[in-house]
Amino acid sequence: MTQETGNIITLKNVNKWYGEFHVLKDINLDVKMGEKIVICGPSGSGKSTMIRCINHLEEHQEGDIIVDGVILNNDLKNIGKIRKEVGMVFQHFNLFPHLTVLQNCTLAPIWVKKMPQKEAEKIAMKFLERVKIPDQANKFPGQLSGGQQQRVAIARSLCMNPRVMLFDEPTSALDPEMIKEVLDVMVELAGEGMTMLCVTHEMGFAKKVADRVIFMDAGQIIEENEPESFFNNPQSERTKLFLSQVLGH
Amino acid sequence: MSEFIPKPARPAPATEIGVIGWARKNLFSSIPNAAITLLTVYVLWSVLVPFLSWAFVNADWVGSTRADCTSGGACWVFISVRFNLFMYGFYPEDSYWRPNLTFILLIGFLIWLSIPRIPFKKIGAILALTVYPVLAYVLLYGGFGLEVIPTHRWGGLMLTLVLALIGIVVAIPIGVILALGRRSEMPVVRMVCVIFIEFWRGVPLITILFMASVMLPLFFVGGTDADKLMRALIGIVMFQSAYMAEVVRGGLQALSKGQFEGADALGLSYWQKMFLVVLPQAMKIMIPGIVNTLISLFKDTSLIVIIGLLDILGMVGQALADPAWLGYPAEGYLFVAFTFWIFCFSMSRYSIYLENKLNTGHKR
């Protein structure tokens, strides 16, 4: 099925509630292999919730989520399968502070993929080199700067060799001068053809790498378009207002 | 232009260094401070001097009957005559080597596992948790050619250690499982764990021991009634694991949600997440609480005296009732207090050492 449609992720009429609160309303989204999507919108619009549903960190109540041909439901086996395919980078890195950088990167390959330790370490070093911090491999996360930690978090996800990467506001918790080093790594990753879904307020990043920009508000996708048309010619009033506030300063 | 020659360093004034300097700075820096210092010295003097002269200077150390206690100080003869009873209870004298060997092996394992420089920790831990319990059981109880010594003859410090160690070693894993169960997303599992924990925590240990000794036999029909010590142990383990569960839960709650999500997103299974990511971090937070629970368990073992088992306190209590040795409760209870204190204090110091050691490296 994946081959026919070329979609690696499909969301069909997805609805989600937190108790009484309707967070996601009839979300429909198709993501093609290799596509880079930037999701933006005001806080509380459901953008983080949407991408967290894709690897079942949040549960959706209605509709279908299909990742790489696997339907996401409450079946633990399917959840496990999808999480192996989907990497995630968090706002607050969520590195494991009791393990070294290298151990952070090898933990999942060793235990989830049953990879021999030597091989896992080799792969981890390869990705740490790619995010340009191989020399920090034996330090603990607490000894690194925020930008370095986020790059470790990206390397940790890549070690599982995912087909899709989800980014949940990866630069929001960083000092301004560290944002660039993380964005550079993400741009490089995009250049290598990784499928990426990225919740971010970095509009420069969106213009540079996104194939499609999605604007969400109040749990709905209001507008989606190529970056050029999205930024220069927004269709809805809500998008115009948002863009004027984000780009206005 | 003359060359700059630094002034030679002069020794600091006497008020800044040495004993006098230190005392002036710390003990007599102000009038209230000086008053508190003098008062403390006075109180210590008036308590310690009589105590020391009673306990050491005027004490009687050697002898075999109370007639040897003539000097008016402490009569340590009472302790030395009864020493074996206090250590082993009514365990037969020609088999003392068995508890001794068990204890020496225990110390050996503790040293192996608690001193970081000694290698092969994994093997040590596996041996300590599999081979050692069997060996200790055979040595203490009997079988395999060793004479069987029924548990009602066990007593003294040996019984205290058996109860405390088994209680500790079994209660920790049960406590971890209960704590995980209490935070489970499955309502049935969660409810069972909550009921279990709240039941055992809500009942005094003394009641549990009574129930274990009086009520449990009612459920076993005929000859299957379990050993009295075994019944007490089951009660103690249940009670302690409920407390342990709450300590572990506190540790789990102190971790940020991000740690759980980070592990989930990498595809780790529930048990991998718990044992590789969550518990190692929570353990660090839990150490003071766990050791606190262990210390209180160690002391609570004395309560088994109410179901007729005599730990070290029970043995001393019994010895005090002996007409031949009436009148030496101070010596007896001091001895018990000191013995308990040594064990509890070592546990407390080791926990502080462990906290400091685990703290380096993973500061956030």
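Residues numbered from 1 in each chain as written. Chains lettered and ligands numbered in written order. Predicted model: local features only at pLDDT ≥ 70, side-chain atom pairs only at ≥ 80, totals over all residues. Heavy atoms only, no water.

### Description of the overall build of chain A
In step 1: For chain A, the count of helices and strands is 10 helices and 10 strands.
In step 2: For 249 residues, the compact-globule estimate of 2.2 N^0.38 gives 18 Å, and the C-alpha radius of gyration of chain A, at 18 Å, lies within 12% of that figure.
In step 3: Seen along its three principal axes, the alpha-carbon backbone of chain A occupies a region of about 55 × 45 × 35 Å.
In step 4: Within chain A, the fraction of its 249 residues that count as buried is 57%. (Helix = DSSP H or I, 4+ residues; strand = E, 2+ residues; numbered from the N terminus. Rg over C-alpha atoms; globule rule 2.2 N^0.38 Å. Buried < 20%, exposed > 50% of the residue type's maximum accessible area, 1.4 Å probe, protein only.)

### Examining the pattern of salt bridges
Residue and element names in this part refer to chain B.
In step 1: Scanning the model with the defined rule gives 22 salt bridges over all chains in all.
In step 2: Residue Glu-198 pairs with Arg-201 through a salt bridge whose shortest N-O separation is 3.7 Å. Residue Glu-198 and its partner Arg-201 are both found in helix H7 (residues 187-202); the two are separated by 3 residues, about one turn of the helix.
In step 3: For Glu-198, a relative accessible area of 34% puts it in the partly exposed group.
In step 4: Note on Arg-201: relative accessible area 31%, which makes it partly exposed.
In step 5: For Asp-264, the salt bridge is made with Lys-273, and the minimal N-O distance between the two is 3.2 Å.
In step 6: For Asp-264, a relative accessible area of 16% gives the class buried. (Salt bridge = Lys/Arg side-chain N within 4 Å of Asp/Glu carboxyl O.)

### A look at a nonpolar patch on the surface
All names here are of chain B.
In step 1: The grouping of Leu-44, Leu-48, Phe-51, Leu-52, Phe-56, Val-57, Trp-61, Val-62 and Leu-334 at the surface amounts to a nonpolar patch, some 880 Å² of accessible area in total.
In step 2: For the nonpolar patch, the leading source of residues is helix H2 (residues 31-57), giving 6 residues.
In step 3: Relative to the elements of secondary structure, Phe-56 occurs in helix H2. (Patch = residues over 30% accessible without salt bridge, like charges linked within 9 Å, V, L, I, M, F, W, Y side chains within 5 Å. Areas by Shrake-Rupley, 256 points an atom, 1.4 Å probe, with all protein chains shown as cover.)

### A few points about the pairing of strand E1 (residues 7-18) of chain A
All names here are of chain A.
In step 1: For E1 and strand E2 (residues 21-32), the ladder comprises 8 bridges, and the chain directions are antiparallel. Considered in E2, the bridge of Trp-17 is made with His-22.
In step 2: The hairpin formed by E1 and E2 contains 2 residues between the paired strands, and Gly-19 there has a positive phi angle of roughly 60°.
In step 3: Bridge count between E1 and strand E4 (residues 62-67): 5 bridges; the pairing is antiparallel. What sits directly across from Asn-15, in E4, is Glu-62. (Pairing = 2+ DSSP bridges.)

### Describing the packing of helix H9 (residues 228-253) of chain B against helix H11 (residues 270-300) of chain B
Residues and elements named next belong to chain B.
In step 1: Contact pair H9 / H11: the axes reach a minimum separation of 8 Å and the direction vectors enclose 145°. Regarding H9 and H11, the two cross each other, and that crossing is right-handed. Residues Ile-236, Phe-239, Gln-240, Tyr-243, Met-244, Val-247, Val-248, Gly-251 and Leu-252 of H9 pack against Val-278, Leu-279, Ala-282, Ile-285, Met-286, Gly-289, Ile-290, Thr-293, Leu-294, Leu-297 and Asp-300 of H11.
In step 2: Residue composition of the contact of H9 with H11, grouped by class: 15 nonpolar, 4 polar and 1 charged. (Axes fitted to C-alpha atoms, helices over the stretch in contact; angles between N-to-C directions. Left-handed = near helix turned anticlockwise from the far one by under 90°. Contact = heavy atoms within 4.5 Å. Nonpolar A, V, L, I, M, F, W, Y, C, P; charged D, E, K, R; others polar.)

### Considering the nonpolar core
In step 1: Phe78(B), Phe86(B), Tyr91(B), Trp154(B), Leu252(B), Val277(B) and Ile304(B) are the most contacted members of the largest nonpolar core, which totals 87 residues.
In step 2: The leading source of residues in this core is H11(B), at 14 residues.
In step 3: Not counting chain neighbours up to four residues away, the residues in contact with Tyr91(B) comprise Tyr96(B), Arg98(B), Pro99(B), Leu139(B), Leu140(B), Ile149(B), Arg153(B), Trp154(B) and Met158(B).
In step 4: Within the second largest apolar cluster, 46 residues are counted, among which are Leu158(A), Met203(A), Ala210(A) and Phe231(A). (Core = buried A, V, L, I, M, F, W, Y, C linked by side-chain atoms within 4.5 Å.)

### Remarks on empty space enclosed by the protein
In step 1: Summed over all chains, the structure comprises 3 cavities of 30 Å³ or more.
In step 2: Lining the largest cavity are Arg83(A), Val86(A), Gly87(A), Met88(A), Ser157(A), Met160(A), Ala265(B) and Leu266(B).
In step 3: Top element by residues in the lining of the largest cavity is strand E6 (residues 86-89) of chain A. It accounts for 3 residues.
In step 4: When the residues that make up the lining of the largest cavity are grouped by side-chain class, the tally is 5 nonpolar, 2 polar and 1 charged. (1 Å grid on protein atoms, 1.4 Å probe; cavity = no way out; pocket = protein on both sides within 12 Å on 5 of 7 lines; lining within 4 Å. Points joined across faces, edges and corners; volume = space filled by probe spheres on them.)

### Overview of the side chain of Thr239(A)
All names here are of chain A.
In step 1: For Thr-239, the position within the fold is in helix H10 (residues 237-247).
In step 2: Given a relative accessible area of 0%, Thr-239 falls into the buried group.
In step 3: Polar side-chain contacts of Thr-239 include one of 2.7 Å to the side chain of Ser-236.
In step 4: Beyond its immediate stretch of four places on either side in the chain, Thr-239 contacts Phe-215, Ile-222, Glu-223, Phe-230 and Pro-234. (Polar contact = N/O pair within 3.5 Å; in protein donor to acceptor, adjacent residues only side chain to side chain.)

### As for the packing of helix H4 (residues 101-111) of chain A against helix H5 (residues 117-130) of chain A
Residues and elements named next belong to chain A.
In step 1: It is the contact of H4 with H5, at a shortest axis distance of 9 Å, that shows an interaxial angle of 125°. Classified by the angle their axes make, H4 and H5 are oblique. At the point where H4 passes H5, the crossing takes the right-handed sense. Residue-level inspection shows Val-101, Leu-102, Cys-105, Thr-106, Pro-109 and Ile-110 of H4 in contact with H5, the latter providing Gln-117, Ala-120, Glu-121, Ala-124, Met-125 and Leu-128.
In step 2: For the contact of H4 with H5, a count of residues per class yields 9 nonpolar, 2 polar and 1 charged. (Parallel < 35°, antiparallel > 145°, perpendicular 65-115°, else oblique.)

### As for the domain arrangement of chain B
In step 1: In terms of domain boundaries, chain B breaks down into domain 1 (18-57) and domain 2 (77-91 + 149-358).
In step 2: Between domain 1 of chain B and domain 2 of chain B, the C-alpha centre-to-centre distance is 39 Å. (Domains from an automatic or database assignment.)

### Re H7(B)
In step 1: In a regular helix each residue adds 1.5 Å, so 16 residues correspond to 22 Å; H7(B) covers 22 Å between its end C-alpha atoms and thus fits that length.
In step 2: On its buried side, H7(B) packs onto helix H6 (156-182), helix H8 (205-219) and H9 of chain B. (Expected span 1.5 Å × (residues − 1).)

### Considerations on the pairing of strand E10 (residues 220-225) of chain A
All names here are of chain A.
In step 1: Pairing between strand E9 (residues 212-217) and E10: 5 bridges, direction antiparallel. Paired with Val-213 across the two strands is Asn-225, which belongs to E10.
In step 2: Following E9, the chain reverses through 2 residues before pairing antiparallel with E10; Ala-218 in that reversal takes a positive phi of roughly 50°.

### Let's talk about the layout of surface pockets
In step 1: Each pocket or cavity is described by its volume, and for the second largest pocket that value is around 1300 Å³.
In step 2: Lining the second largest pocket are 33 residues, with Arg83(A), Glu185(B), Asp264(B), Tyr270(B) and Lys273(B) positioned closest to its centre.
In step 3: For the lining of the second largest pocket, the elements supplying multiple residues, two or more each, are helix H3 (76-85) of chain A together with H6, H7, helix H10 (257-265) and H11 of chain B.
In step 4: Residue composition of the lining of the second largest pocket, by class: 15 nonpolar, 8 polar and 10 charged.

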